[in-house]
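# Descriptive structure summary
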Amino acid sequence: MNISTLAEMAAGAAGDRVAVGPRVGGLSYADLFLRAGAMARRIIESGAERVGLFDVNSAAVPITLFAAALAGRPYVPLSFRLADDRLRQQLERIAPAVVVAGGDGSVLDGVAGIECWARQDLLADLAGPDLAVADAVEISAGEEPVAVLLFTSGTTGDPKAAVLKHENLSAYVLSTVEFMASDPDEATLVSVPAYHIAGTSAVLTSVYSGRRIVYMEAFDPAEWVRRARDERITHAMVVPTMLGRILDVIEGHGDGLPALAHLSYGGGRMPRPVIERAMRLLPTTSFVNAYGLTETSSTIALLSPDDHREAFASSDPSVRARLSSVGRPLSTLELEIRDDTGRPVPAGVTGEIHVRGEQVSGEYVGRSALIEGGWFPTNDSGWLDSDGYLYIDGRLDDVIVRGGENLSPGEIEDVLAAHPDATDVAVVGVPDQEWGEKVVAAVVLRAGADPDEEGFRDLVRKALRSSRTPAHVAFLDELPYNETGKLLRRVLKADLAARYEK
Amino acid sequence: MVRPPAEPIDLRCGGHPVIPAGDEPPAGAVLNDAFAAGTAIGKRFAHPDSGLELLCVAGGAGILSVGEVPLQIKGAKPLPSSD
């Protein structure tokens with residue numbers, strides 16, 4: 001099913017409800033669908049084969065997503081933080097294309113086959129009085145199976161574009177969201193950029209459930225809290241690094257966020273002290289931890305609000321530990337942990353996470369990563385406990401091989417993160433002549449805390465085995481993250497290797 | 001249509017064979033009272049025998065059936081919002 005149907009249904013059932021923007025004066029579902037239709041016609045007339053978006057968040061994001069779907073052209077949100085040569089490379093890959101851009105779009109000049117549409121002009125044009133209903137509807141989407149292309153965040157080699165088909169995305173939405181089930185007062189604050197998978201899935205699930213979208217152009221913790229209060233935000237999704245900074249602001253104000261009923265997080269490892277602090281500071285908010293990948297149309301496992309409350313209240317360490325898990329796999333898909341020969345492993349054993357289901361694409365432009373039986377190997381290392389909760393260790397490539405033993409950075413990070421003086425931690429392998437690799441930890445300390453290297457090493461030695469004890473602990477001012485909150489392990493590894501490699 | 005049937009089936013709405021979207025309904029077709037309980041937008045329907053899955057994208061007075069057997073609503077499993 002073409003994803004534009006989701007917007008068409010919302011327009012048909014709740015045309016007057018506000019889809020995007022402020023409570024008063026925002027864009028309604030009827031207007032959203034009309035503008036998408038009008039834009040689709042322009043896309044078809046332009047001869048473009050793909051529709052790019054090179055911009056911060058605005059109403060142009062959902063309009064462009066649905067317009068591309070109506071026109072039967074893949075939608076390609078591009079990172080506006082790309083260096084010029086990388087941007088050029090990606091533009092060449094999507095030409096011939098129209099690209100919606102903020103500002104005057106001059107940064108897109110000079111690439112053959114790229115036509116720039118300035119966002120302000122486009123939005124004004126689509127809202128113009130000449131927009132006749134007949135101009136906007138009854139567009140045949142044709143047979144194009146691809147809805148979205150997302151360039152993945154790899155740092156080397158050619159850009160790799162993940163393919164999400166209409167059938168993947170609509171399967172995800174239809175199986176996890178009830179149509180128009182949101183209360184008319186609900187609103188979600190979207191601060192992830194459009195080129196993140198959550199930027200697309202947030203549009204689809206919010207529109208289908210009838211929940212108003214309020215966009216932030218770029219994340220800023222004080223502004224996030226202000227918008228959440230002013231717009232009476234009930235729902236939001238953040239990445240772990242955002243949450244800690246939001247909590248600092250909330251703690252400073254002391255008024256909490258009483259309207260915020262629901263906060264979900266994902267896109268990276270959440271340190272347990274941070275989520276426990278969030279649950280203390282926002283006692284009336286329900287929390288959801290979601291795990292997913294671009295290639296799986298977003299969420300494939302989640303830790304529910306009830307799971308959070310149960311774990312938070314429990315004195316049983318194995319139940320409490322679930323706050324470090326990503327919860328249980330969605331019932332609409334299959335998930336297995338396999339060893340390196342491809343055989344499924346029992347509960348408690350670490351291996352590569354494999355997933356299969358309608359929402360799973362596992363496909364890149366020019367090649368599919370699916371293996372026998374339609375399974376997608378995620379390249380993530382993890383394990384399931386005996387109750388079916390999934391724990392993520394990290395990317396397979398990040399596993400540390402010390403003296404022939406495979407060590408998971410995540411396991412060691414969880415121990416270090418429990419140190420009362422640590423606000424952020426990461427563990428990497430650094431080349432070592434004796435062991436092949438050795439364990440090195442990077443720790444960001446609470447302001448004013450003593451850099452007690454031996455204390456951190458002791459903590460790991462007691463909780464795990466001596467082979468997992470960091471050979472060195474580096475105390476840093478901050479850890480390197482990309483703009484979507486993903487830890488840049490390769491950058492950190494290079495930095496620590498320069499200091500400690502032997 | 002979310003998923004097509006494995007083989008052609010006798011799909012009806014309001015007691016009459018369904019027609020392609022946009023086609024003119026046959027002259028004189030009247031809603032069959034036995035199939036007039038109504039169908040709401042957003043509801044999903046499944047026909048396990050054929051694999052057919054449907055989503056109602058515009059509500060109306062008729063109900064869906066294969067032959068004379070009404071299609072069953074497919075229960076959604078709504079999840080807490082995660083996006």
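Presented here is a report on the structure given in the accompanying data block. Everything numeric here is computed off the predicted structure, so don't read it as measured data.

### Considering the overall build of chain B
Looking only at helices and strands, chain B has zero helices and seven strands in total. Shown N-terminal to C-terminal, the secondary structure of chain B runs as helices and strands in the order β-β-β-β-β-β-β. Taking the contacts inside chain B whose residues are at least 6 apart along the sequence as the reference set, 56% of them involve residues at least 24 apart.

### Re the pairing of strand β10 (residues 212-215) of chain A
All names here are of chain A. Because side chains alternate across β10, one face comprises the buried residues R212 and V214, and the other comprises I213 and Y215, equally buried. Two strands pair when backbone bridges link them, and strand β9 (residues 187-190) and β10 are joined in this way by four bridges, in the parallel orientation. Bridge pairing in β10 links T188 to I213. For the crossover from β9 across helix α8 (residues 197-209) to β10, the handedness is right-handed.

### Here we look at the sheet that holds strand β1 (residues 11-13) of chain B
Residue and element names in this part refer to chain B. Here we have four strands laid out as an open sheet, ordered β2-β1-β5-β6, and antiparallel in their pairing. Unpaired on one side and paired on the other, β2 (16-17) and β6 (69-70) mark the two borders of the sheet. In this sheet, strand β5 (residues 64-66) lies alongside β1 in antiparallel orientation, the contact comprising three bridges. Its bridge partner lying in β5, L11 is registered against V66.

### Focus: the environment of M237 of chain A
With respect to the element layout, M237 of chain A can be found in strand β11 (residues 235-238). Using a count of 25 C-beta atoms within 10 Å as the deciding quantity, one classes M237 of chain A as buried. In this structure the C-alpha to C-alpha distance between M237 of chain A and L263 of chain A, which are 26 residues apart in sequence, comes to 5.8 Å. Among all residues touching M237 of chain A, those that are not within four sequence positions of it are V192, A198, A202, S264 and Y265 of chain A together with D83 of chain B.

### Structural notes on the sheet that holds strand β25 (residues 436-445) of chain A
All names here are of chain A. Ordered in space as β24-β25-β26, the three strands form an open sheet in which the pairing is mixed. The open sheet has two free edges, formed respectively by β24 (422-432) and β26 (472-475), since each of these has just one partner strand. The average angle at which neighbouring strand axes cross in this sheet is 25 degrees, direction not considered. Direction of pairing for β24 relative to β25: antiparallel, over a ladder of 10 bridges. The partner of G429 across the bridge, within β25, is V439. Here helix α14 (residues 409-417) sits on the sheet in contact with β24 and β25, set at roughly 145 degrees to β24. Strand contacts of helix α16 (residues 489-500): β24, β25 and β26, with the helix running at about 65 degrees to β24, the strand carrying the most contacts.

### Quick look at the packing of helix α2 (residues 29-46) of chain A against helix α3 (residues 60-71) of chain A
Residues and elements named next belong to chain A. At a minimum axis separation of 7 Å, α2 and α3 run at an interaxial angle of 55 degrees. Taken together, the axes of α2 and α3 are oblique relative to one another. Seen from above, α2 lies across α3 with right-handed handedness. Taken together, the residues of α3 that come into contact with α2 (itself represented by L32, R35, A36, G37, M39, A40, I43 and I44) are P62, I63, T64, F66, A67, A68, L70 and A71.

### Structural notes on the nonpolar core
Residue and element names in this part refer to chain A. In terms of nonpolar packing, the biggest core is built from 139 residues, with L32, A36, A67 and V99 touching the most fellow members. For this core, the leading source of residues is α3, giving 10 residues. Three or more residues apiece are contributed to this core by two domains, here domain 1 (4-218) and domain 2 (289-397). Residues I400, L416, V440 and F456 belong to the second largest nonpolar core, which totals 23 residues.

Definitions and cut-offs
All residue numbers refer to positions counted from 1 along the written sequence of the respective chain. Working convention: letters from A go to chains and numbers from 1 go to ligands, in the order in which they are written. At least 70 in pLDDT is required for a residue's local features to be given in this predicted model, at least 80 for side-chain atom pairs to be given and counted, and no such filter applies to totals for whole chains, interfaces and linings, which use all residues. Strands here are runs of E lasting at least two residues and helices are runs of H or I lasting at least four, both read from the DSSP assignment and numbered beginning at the N terminus. A residue pair is marked as a contact if its C-beta atoms, positioned from the backbone, fall within 7 Å. In this scheme the burial state of a residue depends on its C-beta neighbours within 10 Å: 20 or more other such atoms mean buried, 12 or fewer mean exposed, and anything in between means partly exposed; the C-beta positions come from the backbone. The pairing criterion for strands is at least two bridges between them, as found by DSSP. Crossover handedness is defined by viewing with both strands directed away from the observer: a clockwise path from the first strand over the helix to the second marks the crossover as right-handed. Simply put, an axis is a line fit to the C-alpha atoms, just over the touching stretch for a helix, and the angle between two N-to-C directions goes from 0 to 180 degrees. Here the angle decides the label: under 35 degrees means roughly parallel, over 145 means roughly antiparallel, 65 to 115 means roughly perpendicular, and every other value means oblique. Left-handed describes a crossing in which the near helix is turned anticlockwise from the far one by less than a right angle; the clockwise case is right-handed. Residues enter a nonpolar core if they are buried, belong to Ala, Val, Leu, Ile, Met, Phe, Trp, Tyr or Cys, and are joined to the set through C-beta atoms within 7 Å. Annotation comment: domain bounds sourced from an automatic or database domain assignment.

That is the geometry; function is a separate question.
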